[in-house]
Amino acid sequence: MKAVQYREIGAAPEVVTVPDPEPGPGQVLLKVSAAGVCHSDIAVMEWPAENFPYRLPLTLGHEGAGVVAAIGAGVTGIFEGDPVAVYGPQGCGRCAKCSQGKENYCTRAAELGIFPPGLGAPGAIAEYLLVDDARFLVPLHGLDPVTSVPLTDAGLTPYHAIKRSLPKLVPGSTAVVIGSGGLGHVAIQLLRALSPARVVALDVAEPKLELARSVGAHEALLSDDRAPGKVRELTGGLGAEAVFDFVGAQPTVTAAGAMAAVEADVTIVGIAGGALPVGIGTTAFEVTVSAPYWGSRAELVEVLDLARAGAIEVAVETYGLDEAPRAYERLHRGQVQGRAVILPNG
Ligand code: NAD
Ligand code: ZN
Ligand code: ZN
């Protein structure tokens, strides 16, 4: 089969032919309908050789949806032809965190060598994807795999982040979304669907600000050093009750801290390496800062339900498998509007 692989540190991803995977006991083989392209892959492909955590070559793609093509021995409750989405942050299923349904925070995954598809294990930007356990599959129940595959990360990650802050997003409150890209443009819609908060989006590119407005942001502002002042102006000097940073670079994280109100949540989702010191006189009183990772399977089910209800809709650009390297290039240059989605089987 054809697959898109990151093969050599610092090199661009390549379309290659690899052996067709076959499901072993307990495994499920998917014929991939759609696979999303995430900015995290670009970060991964920029990591230096010294502390690169995965084995190469690595088939990319941690957002996957497909149709069950074959099942391994002992698999029950799922059938050939079922359309499904893949839950990516897979855990051991048994540790304390997994027992709470938080496989994204599995305490034993590293020790057991369990990696998400595309982030250590062979990923979804390929004609077929092998999934280790049927519990990592969520039925699509009529959703279009092309527009819903980004919900497995670009939807689930902001959903998990936002859900934690909902008690603070009361009428009259303000939520800021920094970075109106793949995750950010879904975050804006989630905030509109789940809360009465006024939503302010920040980005550095005008087309992204337009996207932010079109998906429901009340305000869309240029992300520069004047942005915290503008957010304070909009909020009568108080600042925002929740700031979600989908860039995570030092300037955006610093800005997020500067625009946070007393008792606000600052959530750093972007992985660009920024850090926010917290202290009396540094941040407003009782600001909570956190950096979450992905979300739970239960939350993915909820996100898919929201999409089915028509409350959120991912903007997608589609590409054939052979065009995947170009999709990564466009994402790297900030040219993708919404999410780039690869269709490995046309
Ligand atoms: P993306 O490229 O689609 O979107 C990023 C957006 O940020 C773009 O619209 C870009 O114009 C904008 N931007 C760039 N610099 C900016 C700045 N200084 N101020 C405001 N906006 C700016 O990326 P994505 O796929 O949505 O991913 C967003 C981030 O989230 C990445 O860092 C990614 O690695 C990370 N991520 C984290 C998790 C997690 O679990 N924590 C999960 C998925 C993605
Ligand atoms: Zn991702
Ligand atoms: Zn576990």
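Treat the numbers as computed from the prediction; the structure is a model and nothing was measured. (Residues numbered from 1 in each chain as written. Chains lettered and ligands numbered in written order. Predicted model: local features only at pLDDT ≥ 70, side-chain atom pairs only at ≥ 80, totals over all residues. Heavy atoms only, no water.)

(A) Highlighting the overall build of the chain. Assigned secondary structure in the chain consists of eleven helices and 16 strands. Against the 2.2 N^0.38 benchmark of 20 Å for 346 residues, the chain shows a C-alpha radius of gyration of 20 Å, consistent with a compact globule. Here the C-alpha coordinates of the chain stretch approximately 60 × 40 × 40 Å along the principal axes. A separation threshold of at least 6 residues defines the contact pool for the chain, and within that pool the share at least 24 residues apart is 69%. (Helix = DSSP H or I, 4+ residues; strand = E, 2+ residues; numbered from the N terminus. Rg over C-alpha atoms; globule rule 2.2 N^0.38 Å. Contact = heavy atoms within 4.5 Å.)

(B) Just the coordination of the zinc ion (ligand 2), in detail. Those donors, Cys 38 (SG), His 62 (NE2) and Asp 153 (OD), are the protein atoms that reach the zinc ion (ligand 2), and they lie 1.8 to 2.3 Å from it. Considered as a linear motif, the donors of the zinc ion (ligand 2) on their single chain read C-x23-H-x90-D. Placement of Cys 38 in the loop between strand S3 (28-37) and helix H1 (39-44) and of His 62 in the loop between strand S4 (58-59) and strand S5 (63-71) is noted, with a sequence separation of 24 residues between them. Exposure class is identical for Cys 38 and His 62. Each is buried. (Donors = N, O, S within 2.8 Å, 3.2 Å for Na, K, Ca; no water. Buried < 20%, exposed > 50% of the residue type's maximum accessible area, 1.4 Å probe, protein only.)

(C) Structural context of the pattern of salt bridges. Within this structure, the stated rule accounts for 14 salt bridges. Residues Arg 333 and Glu 329 are paired through a salt bridge, measuring 3.0 Å at the closest nitrogen-oxygen approach. What makes Arg 333 exposed here is its relative accessible area of 52%. Classification of Glu 329 by relative accessible area gives partly exposed; the value is 42%. Ionic contacts of the salt-bridge type, sharing partners, join the residues Glu 63, Asp 153 and Arg 339 into one network. (Salt bridge = Lys/Arg side-chain N within 4 Å of Asp/Glu carboxyl O.)

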